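Residue-level structural notes
The lines below spell out each chain.
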Amino acid sequence: MTMAPARPASIPAAAPAHPSAPRPPRWTDAHVTVAMRSKRHRRRLVNGLMVGLVTLAALLAVLPLIVILGHLVALGGRSVQWHFFTSLPRPVGEVGGGMANAIVGTLILVGLASAIGLPVGIGAGLYLAEHAGTWLATVTRFLSDVLNGLPSIVMGIFAWQFLVRPLGHFSTWAGSVALAAMMIPQVARTTEEIVRTVPVSLREAALALGYARWRTSLSIVLRTASAGIVTGALVAIARIAGETAPLLFTAFGNQFWSTSLNQPIAALPLQIFTYAVSPYDDWHAQAWAGALVLIGLILLISLIARLATRHRFAGPGGD
Amino acid sequence: MTSTTIERPGRTGGPGTGPPASTSARRGRFRVRITGSAIGDRVYGAAVTAFAICVPLLLLLIAIEIASAGWPAFRRFGFSFLTSSAWDPVKGTFGAAPAIYGTLVSSLLALLLATPLALGVAVFLSEFAPRAIRQPVAFLVDLLAAIPSVVYGLWGIFVLVPVLRSPVMPFLRDTLHLGGIPLFSGPAYGPSMLAAGVILAIMILPYISSVSREVLLAVPRSQREAALALGATRWETISGAVIPFAKSGIIGGIILGLGRALGETMAVTMLIGNRPQISASLFAPGYTMASLIANEFSEASGDLHLSALMAVGFTLFVITLIVNGIARWLVWQVSRSAGGRAG
């Protein structure tokens with residue numbers, strides 16, 4: 001890329017400036033040769049082309065989302081009726097039936113996973129923010145990121161080996177542990193980033209007033225950061241709510257009503273998977289309906305998370 | 001909202017703050033206060049440290065559990081477990097080569113499709129987009145990451161695969177005469193490596209684009225202004241001054257996307273056809289490590305089969321560990337040199 005075109009021959013090379021010497025002629029359009037003009041044209045053309053391509057890329061990237069959501073609404077909307085939320089799955093051939101057990105199952109699994117994962121994640125995040133320089137913080141931060149990128153199926157077989165195999169049966173516990181293991185690193189990292197935005201002056205003010213360090217951390221720093229932490233937690237919850245792979249060999253799924261923590265339990269993503277790969281049209285329709293409900297649930301959680309973030313920026317929490 | 005909660009303890013004294021300060025002032029303030037809060041501080045510090053240690057411990061536990069479960073298969077087949085392509089549960093011979101091959105090919109295909117698009121979006125959003133549409137477009141692209149894998153799989157089975165089988169594959173093979181290349185030869189199966197690659201590309205697009213966007217936004221303004229002042233067009237500014245500055249961060253984002261693609265399970269399981277074979281054609285079914293585990297784990301025929309699947313899981317674990325480690329390191333490098341705005 002040449003940004004300054006070479007000086008054409010018609011312009012004399014800069015002479016050592018003498019006060020009385022005539023000034024070299026200034027650049028005018030007269031000096032722009034045909035070759036330069038065509039080059040300038042080409043550069044403008046390339047510029048316009050690339051701007052067009054980049055805009056096209058943005059359009060293309062949004063397209064799949066619109067197409068997928070459109071299909072979900074078109075194909076799933078028909079089957080999402082009241083009984084979908086209230087009745088149990090029916091055998092093939094019977095009309096109706098719903099996913100009440102799977103919806104409740106997902107709520108139980110996600111609730112239990114949050115109960116395990118959120119305290120650990122937030123605690124680890126507080127450590128990362130308050131002891132930023134220590135080797136444990138560096139190691140934990142790096143391993144959180146690595147753990148965050150681990151495939152969800154690996155979490156699934158881990159939980160199977162850790163809980164299902166020794167106990168001898170699938171259970172809600174095992175599914176929740178697998179989901180919690182996915183939450184912890186994500187929540188830890190977002191908590192760390194939010195807590196770091198709390199001004200040091202707030203912490204110093206609290207300490208100067210005689211607050212103990214632990215009370216400063218919990219009732220001043222954590223409270224100031226709470227909106228952001230809630231957002232981070234909701235984002236993590238939205239992510240695990242749609243996970244299937246960690247549940248395949250842990251929660252396992254259940255066609256019947258069960259809320260026991262020691263029994264296999266149904267989950268919305270598992271049910272969608274089972275129905276989608278089945279050969280029956282009735283079940284395919286149910287799968288689309290389930291997917292629509294699942295997406296609705298996840299978008300709802302994401303929306304609440306976004307609203308919570310807006311609050312954070314409205315407040316004086318930033319630095 | 002937050003300001004009142006912050007100021008309340010300071011202004012009113014609060015029930016918890018007043019008494020200790022006044023009583024301690026009477027009897028030698030410092031010693032009393034330090035001993036009084038030391039227990040709380042110690043408990044708090046220990047608790048938070050314990051939570052932090054949970055993360056490395058968890059990773060270690062995962063590694064040990066899966067490695068020990070996969071050990072019998074590794075011991076039985078040795079290194080040939082990774083190179084042999086004989087995966088036959090009935091005969092009891094297990095080689096993970098088809099799954100490793102499928103994982104790599106489908107992920108690379110996804111990267112090939114997603115990277116130009118993701119970079120285009122990132123450049124559009126950081127350089128060209130009008131303020132009014134910047135946020136909405138970024139939100140919509142990021143929303144792709146919120147769609148669960150199983151929903152991608154469902155959409156893939158009923159929408160993407162039929163489209164690929166009837167117009168797309170014959171078009172590539174016959175109309176464009178690409179059938180001579182092994183990649184595009186053979187009968188057009190619906191569930192195939194191509195289907196898996198396309199769905200993976202859509203799934204990793206938001207990851208690559210959001211990291212690239214943040215890295216591009218972290219490039220200092222002066223970098224752009226200098227190039228524009230020299231007479232560069234906007235595209236020349238981007239390609240000559242902005243992208244080189246952000247290069248390693250963008251590469252980090254791409255590798256992060258690769259990490260996602262390597263481990264993606266449900267959508268791939270539903271679309272790749274699940275056949276343990278190595279075929280040069282993208283139109284043929286295949287297997288990935290993740291889909292192999294998802295598909296066969298609950299029906300494993302014996303201890304050796306189970307152990308072989310665990311060994312596949314451990315291989316996947318190690319590969320993603322390395323890929324993610326490299327990616328994070330690259331992104332960190334950039335955010336550190338650019339003043340910590342990205343990442």
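Rules behind the numbers
Residues numbered from 1 in each chain as written. Chains lettered and ligands numbered in written order. Predicted model: local features only at pLDDT ≥ 70, side-chain atom pairs only at ≥ 80, totals over all residues. Helix = DSSP H or I, 4+ residues; strand = E, 2+ residues; numbered from the N terminus. Buried ≥ 20, exposed ≤ 12 C-beta atoms within 10 Å, placed from the backbone. Contact = placed C-beta atoms within 7 Å. Core = buried A, V, L, I, M, F, W, Y, C linked by C-beta atoms within 7 Å. Domains from an automatic or database assignment. Nonpolar A, V, L, I, M, F, W, Y, C, P; charged D, E, K, R; others polar. Expected span 1.5 Å × (residues − 1). Bend = angle between axes of the 7 residues up to and from the residue. Axes fitted to C-alpha atoms, helices over the stretch in contact; angles between N-to-C directions. Parallel < 35°, antiparallel > 145°, perpendicular 65-115°, else oblique. Left-handed = near helix turned anticlockwise from the far one by under 90°.

Bringing the overall build of chain B into the picture now. On a plain count of helices and strands, chain B comes out with 13 helices and 0 strands. In sequence order, chain B lays out its α and β elements as α-α-α-α-α-α-α-α-α-α-α-α-α. Out of the 343 residues in chain B, the part that is buried amounts to 51%. Sequence separation of at least 24 residues holds for 74% of the intrachain contacts in chain B that already meet a minimum separation of 6.

The subject of this paragraph is the nonpolar core. Grouped together as the largest cluster of nonpolar side chains are 207 residues, with contacts concentrated most on I184(A) and I199(B). The two domains that each donate at least three residues to this core are domain 1 (2-76) and domain 2 (78-337) of chain B. Aside from chain neighbours lying at most four places away, what touches I184(A) is G117(A), V120(A), G121(A), A124(A), C54(B), V55(B) and L58(B).

This part takes up the interface of chain A and chain B. Counting residues at the interface gives 86 residues for chain A and 81 residues for chain B. A per-element tally of the side of chain A that touches chain B places helix 1 (residues 34-76) of chain A first, with 18 residues. In the side of chain A that touches chain B, the residues fall into 61 nonpolar, 18 polar and 7 charged.

A separate point is helix 5 (residues 152-167) of chain A. Residue and element names in this part refer to chain A. With 16 residues, helix 5 extends 22 Å between its outermost C-alpha atoms, agreeing within 8% with the 22 Å of an ideal straight helix rising 1.5 Å per residue. The principal kink in helix 5, of about 40°, is found at W160. Along helix 5, 12 of the 16 residues are buried, which leaves the element largely enclosed by surrounding structure. Buried within helix 5 are the following residues: S152, I153, V154, M155, G156, I157, F158, A159, W160, Q161, F162 and V164.

Attention shifts here to helix 3 (residues 100-130) of chain A. Residues and elements named next belong to chain A. Under the 1.5 Å per step criterion, the end-to-end length of helix 3 is 44 Å for 31 residues, consistent within 8% with the ideal 45 Å. G117 marks the point of greatest bend in helix 3, at about 30°, and the proline P119 comes within the next four residues. The element helix 3 is extensively covered by neighbouring structure, given that 23 of its 31 residues are classed as buried.

This part covers the packing of helix 10 (residues 268-276) of chain A against helix 7 (residues 149-175) of chain B. In contact at an axis separation of 10 Å, helix 10 of chain A and helix 7 of chain B are set at 20° when each is read in the N-to-C sense. In this view, helix 10 of chain A runs roughly parallel relative to helix 7 of chain B, as classed from their interaxial angle. Note on packing geometry: the crossing formed by helix 10 of chain A with helix 7 of chain B is left-handed. Seen from helix 10 of chain A, the contacting residues are P269(A), I272(A), F273(A) and A276(A); seen from helix 7 of chain B, they are V150(B), G153(B), L154(B) and I157(B).

It is worth spelling out the packing of helix 3 of chain A against helix 4 (residues 135-148) of chain A at this point. Residues and elements named next belong to chain A. Axis separation between helix 3 and helix 4 bottoms out at 9 Å; the angle between their running directions is 130°. Relative to helix 4, helix 3 is oriented oblique. Both helix 3 and helix 4 take part in a crossing whose hand is left-handed. Between helix 3 and helix 4, the contacting residues are A124, Y127 and L128 on the first element and A137, T140 and R141 on the second. Considered class by class, the residues forming the contact of helix 3 with helix 4 number 4 nonpolar, 1 polar and 1 charged.

With that out of the way, let us pick up the domain arrangement of chain B. For chain B, the assigned domains are domain 1 (2-76) and domain 2 (78-337). Here the residues of the side of domain 1 of chain B that touches domain 2 of chain B sort into 7 nonpolar, 1 polar and 1 charged.

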